[in-house]
Amino acid sequence: MNHSTEIILTIAGIVLVHGLIFYFLTRKSRLIKGKHVVVTGGSSGIGLWASIECVRLGAHVTIIARNVDLLEKAKEELEKRRVRDTQQIQFRSVDLSKSYDAVKTALEDLENTIGPIYMLINCAGMAICGTVEDTSIEDARRLMDVNYFATYYPTRYVLPKMKQAGDGVIVITASQAALMGIYGYGAYAASKFALRGLAETIAMEARHRGVSVTLALPADTDTPGFENENRSKPEETKIISGSGGLAKPEHVGKRIVQDALKGSFFSIMGMESWILSILCVGMAPWRGPLLCFAQFYLLGPLRLIGLVLQWNFQRIIKNCAKQRQRT
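Residues numbered from 1 in each chain as written. Predicted model: local features only at pLDDT ≥ 70, side-chain atom pairs only at ≥ 80, totals over all residues. Heavy atoms only, no water.

### What to know about the overall build of the protein
(1) Moving on: Secondary structure summary: the protein contains eleven helices and seven strands in total.
(2) Moving on: Over its C-alpha atoms the protein spans a radius of gyration of 21 Å, differing by no more than 12% from the 20 Å that the globule rule assigns to 327 residues.
(3) Moving on: Principal-axis analysis of the C-alpha atoms gives the protein an extent of 70 × 60 × 35 Å.
(4) Moving on: Relative to its full complement of 327 residues, the protein shows a buried share of 46%.
(5) Moving on: Nonlocal contacts in the protein, meaning residues at least 24 apart in sequence, comprise 75% of its contacts between residues at least 6 apart.
(6) Moving on: A total accessible area of about 17100 Å² is found for the protein, and carbon and sulfur atoms account for 57% of it.
(7) Moving on: Within the protein, the 30 negative side-chain charges are centred at a point lying 5 Å from the centre of the 39 positive side-chain charges. (Helix = DSSP H or I, 4+ residues; strand = E, 2+ residues; numbered from the N terminus. Rg over C-alpha atoms; globule rule 2.2 N^0.38 Å. Buried < 20%, exposed > 50% of the residue type's maximum accessible area, 1.4 Å probe, protein only. Contact = heavy atoms within 4.5 Å. Areas by Shrake-Rupley, 256 points an atom, 1.4 Å probe, with all protein chains shown as cover. Lys, Arg positive; Asp, Glu negative; His and termini not counted. Charge placed at Lys NZ, Arg CZ, Asp CG, Glu CD.)

Okay, structure coming up:
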């Protein structure tokens, strides 16, 4: 390599580095002050803390869930955190999985009361664990209704309105189970994989119309839903999923809102989630030059780590099977 080539490569490297720095320093977050944000599953857990973050940022916030008592308590909590006297905080008790017409009627009423929905944060969901053959047909259908259709219906309502306005933010909260199948999560993972497909499709359909889509992939989080989930978890599932620790809902909720306002497609927390998102990136939308370079160079080495993890999961499953045979 001659001297002039070295100079050209050095200059190109400097320009690239400064370009990346400029990109991240100048990337702006959307503002939601004075805008209407709707959070489904907003009465507790991640949804409640996402709502709290939106209130902190000055938005008008509506939370939707089924349990009226929890909604009333959540509303009181949100009202304590108002940053402006004019902020409107309200709730609606709606079964989002019942029918599209019921959801449409509820959201139309909300828009007539407060105004157009600028940001929709889908956090409604549930988990029922068990091997595929041990999960009842009724539970499998219920998971699809609550996890997929309770997200699809409100998203289906706001999407054309956001496209017409040329602006809007949609958050679809899935799980790490949307990236890989895990023992004991068969029906649950299927409903979460469906959400990933929905998010990627909307991102392709709506980005050119000014609509941003974020797919949240939280790991195990300390919520009431997680407590219920643990009651049905097989031992293998507890060991495999427990390796990532337990996140706090306040951290996850805040992170989801911040990532969504920055226009990030994936919203993740922690090294394990970051590695998994790169391993399973597939045809996911662009998230900026720096991450794309990281994905390009790390995908091969991380695949080896993924194979080791899969081997370890199989070892856990075999050990648990042997223990059952002994007892």
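### Things to note about the environment of His-208
(1) Moving on: Secondary-structure assignment places His-208 in the loop between α6 (186–206) and β6 (211–216).
(2) Moving on: Exposure remark for His-208: the relative accessible area of 64% places this residue in the exposed category.
(3) Moving on: Considered as a pair, His-208 and Pro-285 are 77 residues apart in the sequence and their alpha carbons are 13 Å apart.
(4) Moving on: Here Glu-205 takes part through its backbone oxygen, which lies 3.3 Å from a polar atom of the side chain of His-208. (Polar contact = N/O pair within 3.5 Å; in protein donor to acceptor, adjacent residues only side chain to side chain.)

### Some details on the pairing of strand β2 (residues 60–65)
(1) Moving on: For β2, the tally of buried residues reaches six of six residues, placing the bulk of the element in the interior.
(2) Moving on: Looking at chain direction, strand β1 (residues 36–40) and β2 are connected through five bridges and run parallel. Counted as the bridge partner of Thr-40 is Ile-64 from β2.
(3) Moving on: For the crossover that starts at β1, traverses helix α2 (residues 45–56) and ends in the parallel β2, the hand is right-handed.
(4) Moving on: Inspection of the sheet shows β2 paired to strand β3 (residues 89–93) by five bridges, in the parallel sense. Each residue of the ladder has a partner; that of Val-61, found in β3, is Ile-89.
(5) Moving on: In this fold, the crossover linking β2 to β3 by way of helix α3 (residues 68–80) has right-handed handedness. (Pairing = 2+ DSSP bridges. Right-handed = clockwise from strand over helix to strand, strands pointing away.)

### Notes on the packing of helix α10 (residues 271–279) against helix α11 (residues 289–326)
When two helices pack together, you describe them by how their axes are tilted relative to each other and by the distance separating the axes.
(1) Moving on: Contact geometry for α10 and α11: axes closest at 8 Å, N-to-C directions at 95°. By the angle class used here, α10 and α11 are roughly perpendicular. When α10 is examined against α11, the residues Trp-274, Ile-275, Ile-278 and Leu-279 are found in contact with a partner set consisting of Leu-291, Gln-295, Leu-298, Leu-299, Leu-302, Arg-303 and Gly-306.
(2) Moving on: Residue classes in the contact of α10 with α11 are distributed as eight nonpolar, two polar and one charged. (Axes fitted to C-alpha atoms, helices over the stretch in contact; angles between N-to-C directions. Parallel < 35°, antiparallel > 145°, perpendicular 65-115°, else oblique. Nonpolar A, V, L, I, M, F, W, Y, C, P; charged D, E, K, R; others polar.)

### Some remarks on the state of the cysteines
(1) Moving on: All chains considered together, the criterion is met by zero disulfides.
(2) Moving on: Not engaged in a disulfide, the cysteine Cys-129 finds its nearest cysteine sulfur in Cys-320; these two sulfurs lie 14 Å apart.
(3) Moving on: By relative accessible area, which is 8% here, Cys-129 ends up buried.
(4) Moving on: Considering cysteine sulfurs only, Cys-280 is the nearest to Cys-292, which forms no disulfide, with 16 Å between them. (Disulfide = S-S within 2.5 Å.)

### Examining the nonpolar core
(1) Moving on: Among the nonpolar cores identified, the biggest contains 58 residues, and Ile-172, Leu-215, Leu-217, Phe-265 and Phe-266 are the most heavily contacted of them.
(2) Moving on: Among the elements of the structure, α4 (100–113), β4 (117–122), α5 (137–165), β5 (168–173), α6, β6 and α11 are those that each provide at least two residues to this core.
(3) Moving on: Within the second largest apolar cluster, 29 residues are counted, among which are Val-55, Ala-59, Met-119 and Ala-216. (Core = buried A, V, L, I, M, F, W, Y, C linked by side-chain atoms within 4.5 Å.)

### Quick notes on a nonpolar patch on the surface
(1) Moving on: Where nonpolar side chains cluster on the molecular surface, the patch consists of Phe-293, Phe-296, Tyr-297 and Leu-298 and spans about 460 Å² of accessible area.
(2) Moving on: Assignment of secondary structure puts Phe-296 in helix α11. (Patch = residues over 30% accessible without salt bridge, like charges linked within 9 Å, V, L, I, M, F, W, Y side chains within 5 Å. Salt bridge = Lys/Arg side-chain N within 4 Å of Asp/Glu carboxyl O.)

### Structural notes on the packing of aromatic side chains
(1) Moving on: Under the criterion given, the structure shown has nine aromatic pairs.
(2) Moving on: Pairing Phe-149 with Tyr-152 gives two aromatic rings, centres 6.3 Å apart and planes at 85°, and the pair type is edge-to-face. One end of the pair is Phe-149 and the other is Tyr-152, both in helix α5 and three residues apart, which spans about a single turn.
(3) Moving on: For Tyr-152, a relative accessible area of 28% gives the class partly exposed. (Phe/Tyr/Trp six-rings, centres within 6.5 Å; stacked < 30°, edge-to-face > 60°.)

### Considering helix α9 (residues 249–262)
(1) Moving on: With 14 residues, α9 extends 20 Å between its outermost C-alpha atoms, agreeing within 8% with the 20 Å of an ideal straight helix rising 1.5 Å per residue.
(2) Moving on: Among all positions of α9, only Pro-249, Val-252, Gly-253, Ile-256, Val-257, Asp-259, Ala-260 and Leu-261 are buried.
(3) Moving on: Here the buried face of α9 lies against α2, β4, β5, β6 and β7 (266–267).
(4) Moving on: Taken from the residues just after α9, Gly-263 is the one with a positive phi, measuring 85°. (Expected span 1.5 Å × (residues − 1).)

### Notes on the UniProt feature "coiled-coil region" (unreviewed entry) in the protein
(1) Moving on: Under the local residue numbering, the UniProt record ascribes the feature "coiled-coil region" (unreviewed entry) to residues 61–88.
(2) Moving on: Annotated as residues 61–88, this span is 46% helix and 18% strand, and its ends, taken at the C-alpha atoms, are 6 Å apart. (UniProt positions renumbered as here; feature names shortened; annotations may be inferred.)

### Notes on the environment of Ile-64
(1) Moving on: Mapping Ile-64 onto the fold places it in strand β2.
(2) Moving on: The exposure class assigned to Ile-64 is buried, which follows from its relative accessible area of 1%.
(3) Moving on: Put simply, Ile-64 and Ala-124 are 60 residues apart on the chain and 8.6 Å apart in space, counted from C-alpha to C-alpha.
(4) Moving on: Residues within four places of Ile-64 in sequence aside, it is in contact with Val-38, Val-39, Thr-40, Gly-41, Gly-42, Leu-71, Arg-92, Val-94, Leu-96, Leu-107 and Leu-110.

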